[in-house]
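Tertiary structure, described
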Amino acid sequence: MFALWSCTRRPVSCTKVWVSLLTLAALRTSAIPNNEVNLLDSRSVVDDLGWIAYPKNGWEEIGEVDENYSPIHTYQVCKVMEHNQNNWLQTNWILTEGAQRVFVELKFTLRDCNSLPGGLGTCKETFNIFYFESNEKQERVIRESDYVKIDTIAADESFTELDLGDRVMKLNTEVRDLGPLTKKGFYLAFQDVGACIALVSVRVFYKKCPAVVKNLALFPDTITGSDSSQLLEVSGICVNMSVAEDLPRMHCSAEGEWLVPIGKCMCQPGYEEQNGTCQACRPGFFKASAQSPSCNKCPPHSFTRAEGCTSCQCEPGYYRGGSDPDNMACTKPPSAPRNAISNVNETSVLLEWAPPAETGGRRDISYSVVCRKVGSDPWRSEECGGHVRYLPGRTGLRNCSVMVTDLLAHTNYTFEVEAVNGVSYLVAPVRRFVTLNVTTNQAAPSLVSVVKKGRAAKDSIALSWKEPERPNGIILEYEIKYFEKDQETSYTIIKSKETEVIADGLRPSSVYVFQIRARTSAGYGGFSQRFEFETSPYLAASRDQGQLPIVAVAVIVGVVLLALVTGFLLSGRRCGYSIAKQDPDEEKMHFHSGLLQLPGVRTYIDPHTYEDPSQAVHEFAKEIDASCITIERVIGAGEFGEVCSGPLRLPGKREFTVAIKTLKAGYTEKQRRDFLAEASIMGQFDHPNIIHLEGVVTKSKPVMIITEYMENGSLDTFLKKNDGQFTVIQLVGMLRGIASGMRYLSDTGFVHRDLAARNILVNSNLVCKVSDFGLSRVLEDDPEAAYTTRGGKIPIRWTAPEAITFRKFTSASDVWSYGIVMWEVMSYGERPYWEMSNQDVIKAVEENYRLPGPMDCPAVLYQLMMDCWQKERNSRPKFDEIVSLLDKLIRNPISLKTLVNSSDRESNLLVEPRSLDGPIFQSVEDWLEGMKMGRYVETFVESGYTTMELVAQMTLDDLRRVGVSLAGHQKKIASSIQEMRVQLMNGSVTF
Ligand code: ACK
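Right, let's walk through the structure included here. (Residues numbered from 1 in each chain as written. Predicted model: local features only at pLDDT ≥ 70, side-chain atom pairs only at ≥ 80, totals over all residues. Heavy atoms only, no water.)

**Some thoughts on the overall build of the chain**
Our working definition: Strands are runs of DSSP state E lasting at least two residues, helices are runs of H or I lasting at least four, and both sets are numbered from the N terminus onward. Working definition: with a 1.4 Å probe on protein chains only, accessible area under 20% of the residue-type maximum means buried, over 50% means exposed, and in between means partly exposed. Two residues form a contact once any of their heavy atoms are found within 4.5 Å. Computed with the Shrake-Rupley method and a 1.4 Å probe, the accessible areas treat only the protein chains shown as cover for residues.
The helix and strand tally for the chain stands at 17 helices and 55 strands. Expressed as a percentage of the 991 residues in the chain, the buried residues total 49%. Excluding contacts between residues fewer than 6 apart, the proportion of contacts in the chain whose partners are at least 24 apart in sequence is 64%. When the accessible area of the chain is evaluated, it comes to approximately 47,800 Å², of which 51% is carbon and sulfur surface.

Now the structure itself:
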């Protein structure tokens, strides 16, 4: 503590002003903010301030030192006892340095007038502050009138004698601003009018926004504006190696603060920001654009070696596509597509393939297809041309498939499927493709489009139509489907070889819907659009029309009867679907809910047609409680799991052994469905030569199919094990059983598709039963089934050529397979075509070569095999004919005595087909006696039927005429004649 000011000379008017050391210390240490620039600071002046006081006895400069002995300049005045005080203190010229608004910070102490004894009348507690602007230093004292008043300053805190005693100093700080200043400098003046003041410090400063780098832009020191609310807009300058994205700007407020930054600078490509500067990217890093915030590591298969790179270079063998971003890895073209397969459907082909093994690191793989037509010279091919259509397109294919349509029928094509990606064009001309060779089939006919209504009666409508625009072959027949409008579930189909037909049996005044389709050897075309025609009203019928039905009925009855007899004699079919032949060229069938309506014939129902397959299982298979079954032994492995055997104990029934097919754990829903589909199919059959289904276990796990147990397992293995052990009659008996089972299947409309000795089971009595219905329609489970060029899986060696080539699976193709089974049986399980490849088998069969007769095979049996292998499927015998023939052979074992010529069974050589000499029927007498019909010998001879040649031509009427009146005898003799005709036709008998 020390005396700042003592006025000992004038003890009454003077007052001692004490300033606490603490306060002085605060004065010294208070730092100046960085946005203030001092123009004057009385505290920092070492020498006298040299301000002018007038009158001279007014303000007085008093120099003191603080505790650090640093000088402190104060101006004091304290003429409180005297009247009319007007003491001025003028500062030196203060340069504005360009500031238009400056601040004056005053620190002062002021004596409380109340604390002064007797001085109250004149004592003041304020003083005034003025300024005067000038561009140069004034050599004179400025006139009072020249000053501009800034303010009257009052003390917030004044002090008293008591305060002094308490040693408490009250320092006031007041800040005033002045402006707008327009001149180079100015003077300040303090006017005292009778107060007791000590001006401890005067600081004059202006405010600025200090230089700053913001958003990579440098904003320089900026003096604030003249107005307290003014915002100065300042443009920044981009730092080194940076560029302005949007001109950077900031606003300098009157308080010296930067506000509202707009725009920014960004480091140039190859540079990144670090602490407000732009630094070059290191080797191995890059920055492609100013917009990227920082350098990035080079993406895979690329590099940089220098600093400041804007992109990375691809490693050798890798490329960057035109539109690939710089941060994407360098990539390669893809390898060729894999596993291409084709599926020919007439003149269309579906090409499918798997994506390439090597995608080159890209996802933009697309495929294109090149189609070439192969002519007679396989080395020369031509592009397919514009008529070929590609769905969805030829190039730019995103999926691994394309449908190519409108190809030429019976033509060889080569398809190249190429995989390309976004860098393939950089590596041209290297092409990576997979090739497919395809031969088209014949196309089905196009749609019948013109259908005309002819004469309409009350119960019939005559129709005629035009041949389809593109028959694509010879039209074999038309199928006319019709039904009463809104009664679609019950419809009729007429087959006709003509382009006109009369649909009869209709109801009067009713609208019927007609659809027609054509068939060629390639199959059916699509149905035409629907045509609606109406029958005439009943009453409107004319007399002629009215009589017509009677005539028609008479004619039809006649025709039907005739057709029945002729059909019986000619076709020999037991359960065909033909119920009435109106015309030799017409065939009529009625359907209800998709099923052919024939009394006494059960039609097989495909379980796949059920929306809910489990419904099919329970409709055709009995649910068995798992507790009734004991699995004792594993007997083999099926596609879906193990095949076991064990006893089945059904309540109230004797225990017996069954075969148990299990569905292995972890199956998918589809596998379960497919597995149970076998039961749904098997459950529909009831025949001694079809494996019998006992039931299914679906309510517990494992899911099981329970069938009868066949002690000798599958036929092929059984025969191999027992090579040469059976008599011919035993073998024929086995074949008869299989044929009988197949006859039953074909009668129900079921096509097996995988008939082979491995799918026949044999029981302890050598009874053979057809099995394996599970996936026999898709053949996925047969190890013999191989993929064809059309994509389907087919057991080539057992399958008829038309089924291999255009998937024409019919009972006739089953007959072909049956011929192969015969061969397997007669050769004791030999592999058909031995070790020939599937391709060679297809080729050989196509060239009309056939398997040779097995060793010791009766000629008649080999002839039957050869008949089963007729190229023309309609020429093959039907299963009922086969059964009859085998029955005959069993009854007449002598016929089996003639064996195949050794020339026909040269081992490992296929033979060209030719007719074999079969057994000879010697006389009509022998023949009739043979079937215990000897009583008719005489009548036959009397009627002129003296030779078997003549007998073979007899009709049912002829039989009646010669006196065979009993229906049973008629049937017996007629069926024998029919059998004879078949044998004559296939050459197994001669006269
Ligand atoms: O040749 P296998 O003994 O006869 O071997 C196969 C195996 O299971 C896989 O299918 C045998 N197998 C299949 N079903 C039956 C059945 N109902 N009775 C006896 N064995 C059967 C077949």
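**Considerations on the site of the ligand**
This is how it is decided: Put simply, a residue is near a molecule or strand once any heavy atom of it comes within 4 Å of that molecule or strand. In protein, a polar contact requires one atom able to donate a hydrogen and another able to accept it; more generally it is a pair of N or O atoms within 3.5 Å, and residues adjacent in sequence count only if both atoms are side-chain atoms. Under the scheme applied, nonpolar residues are Ala, Val, Leu, Ile, Met, Phe, Trp, Tyr, Cys and Pro; charged residues are Asp, Glu, Lys and Arg; polar residues are all the others, including Gly.
Taken together, 13 residues surround the ligand, and among them Ala659, Thr707, Glu708, Met710 and Ser714 come closest. Here a nitrogen atom of the ligand and a side-chain polar atom of Thr707 are 3.3 Å apart. The contact in question runs from an oxygen atom of the ligand to an N or O atom on the side chain of Ser714, over 2.4 Å. Its free accessible area being 460 Å², the ligand has 75% of it covered by the protein chains. Looking at the shell around the ligand, the elements with two or more residues in it are strand 47 (633-637) and strand 51 (704-708). Its residues assigned to classes, the shell around the ligand comprises seven nonpolar, five polar and one charged.

**Observations regarding the packing of helix 9 (residues 811-826) against helix 12 (residues 879-891)**
When two helices pack together, you describe them by how their axes are tilted relative to each other and by the distance separating the axes. As a reminder of what qualifies: In this analysis, axes come from line fits to C-alpha atoms, helices being fitted only over the stretch in contact, and the angle between any two N-to-C directions falls in the range 0 to 180 degrees.
Axis separation between helix 9 and helix 12 bottoms out at 10 Å; the angle between their running directions is 35°. Contacts from Ser811, Asp814, Val815 and Tyr818 in helix 9 reach Phe879, Ile882 and Leu886 in helix 12. Each residue belonging to the contact of helix 9 with helix 12 can be placed in one class, and the counts come to five nonpolar, one polar and one charged.

**Thoughts on a nonpolar patch on the surface**
Threshold: Patch membership needs two things, relative accessible area over 30% and no salt bridge, and members are linked within 9 Å if like-charged or within 5 Å if nonpolar (Val, Leu, Ile, Met, Phe, Trp, Tyr). A side-chain nitrogen of Lys or Arg and a carboxyl oxygen of Asp or Glu constitute a salt bridge if their distance falls within 4 Å.
Where nonpolar side chains cluster on the molecular surface, the patch consists of Val213, Leu218 and Ile237 and spans about 260 Å² of accessible area. Tracing the sequence through the fold places Val213 in strand 15 (residues 212-214). Taking the relative accessible area as the measure of exposure, Val213 reaches 41% and is therefore partly exposed.

**Description of the state of the cysteines**
Formally: The disulfide criterion is simple: two cysteine sulfur atoms within 2.5 Å.
All told, the structure shown has nine disulfides when counted by the stated rule. Here Cys267 connects covalently by a disulfide to Cys278, the sulfurs 2.0 Å from one another. Between Cys267 and Cys278, the disulfide has an S-S torsion of -90° and is therefore left-handed. Within this pair, whereas Cys267 is found in strand 21 (residues 258-267), its partner Cys278 is found in strand 23 (residues 277-280), the two being separated by 11 residues in sequence. Owing to a relative accessible area of 3%, Cys267 belongs among the buried residues under this scheme. Here Cys298 is linked by a disulfide to Cys312, with a sulfur-sulfur distance of 2.1 Å.

**Some points on the pairing of strand 35 (residues 433-439)**
Just so we agree on the cut-off: Two strands pair under a simple rule: DSSP has to find at least two bridges between them.
Side chains Val434, Leu436 and Val438 project from strand 35 onto a buried face, and the interleaved Phe433, Thr435, Asn437 and Thr439 project onto a face without burial. One ladder, built from seven bridges, connects strand 34 (residues 412-420) with strand 35; its direction is antiparallel. Its bridge partner being in strand 35, Glu418 is matched across the sheet by Phe433.

**A word on the pattern of salt bridges**
Between side chains of opposite charge, pairing is possible as soon as their charged atoms come close. For the coordinates displayed, the defined rule picks out 33 salt bridges. Close ionic contact of Arg176 with Glu174 constitutes a salt bridge, the shortest N to O distance being 3.1 Å. Across the pair Glu477 and Lys495 runs a salt bridge, and its minimum N-O distance is 4.0 Å. Here Lys495 lies in strand 39 (residues 490-496) and Glu477 lies in strand 38 (residues 477-484), a separation of 18 residues in the sequence. For the residue pair Glu477 and Lys495, the accessibility class agrees, reading buried in each case. Salt bridges sharing common partners tie together Glu477, Glu479, Lys495, Arg517 and Arg519.

**Thoughts on the environment of Ala409**
Mapping Ala409 onto the fold places it in the loop between strand 33 (401-405) and strand 34. Here Ala409 is in contact with Thr347, Thr440, Asn441, Gln442 and Ala443, once residues within four sequence places are set aside.

**With respect to the nonpolar core**
Buried together is how nonpolar side chains tend to be arranged in soluble globular proteins. Let me state the cut-off plainly: Working definition of a nonpolar core: buried Ala, Val, Leu, Ile, Met, Phe, Trp, Tyr and Cys residues. They are joined through side-chain atoms within 4.5 Å.
Core analysis: the biggest nonpolar cluster contains 80 residues, and Leu715, Ile738, Phe773, Tyr818, Leu861, Trp869 and Leu886 have the highest contact counts within it. Apart from residues no more than four positions distant in its own chain, Leu861 is found in contact with Val732, Met822, Met826, Leu886, Leu889 and Leu896. Counting 33 residues, the second-largest nonpolar core is a separate cluster that includes Val77, Ala99, Ile153 and Phe186.

**Focus: the pairing of strand 10 (residues 126-134)**
Strand 10 sits mainly inside the fold: eight of its nine residues count as buried. With six bridges connecting them, strand 10 and strand 11 (residues 148-154) associate as antiparallel partners. Bridging across to strand 11, Thr126 finds its partner in Ala154. By the bridge criterion, eight bridges tie strand 10 to strand 13 (residues 185-192) in an arrangement that is antiparallel. Across the sheet, the residue bridging to Asn128 is Gln191, located in strand 13.

**Quick look at the sheet that holds strand 40 (residues 500-503)**
Pairing is antiparallel across the open sheet formed by three strands, whose spatial order is 36-37-40. Looking at which strands have only one partner, the edges of the open sheet turn out to be strand 36 (451-456) and strand 40. Between one strand axis and the next, the sheet turns through 25° on average, direction left out of account. Bridge count between strand 36 and strand 37 (residues 461-465): four bridges; the pairing is antiparallel. Each residue of the ladder has a partner; that of Ala456, found in strand 37, is Ile461.

Everything listed is a geometric property; what it means functionally is a separate question.
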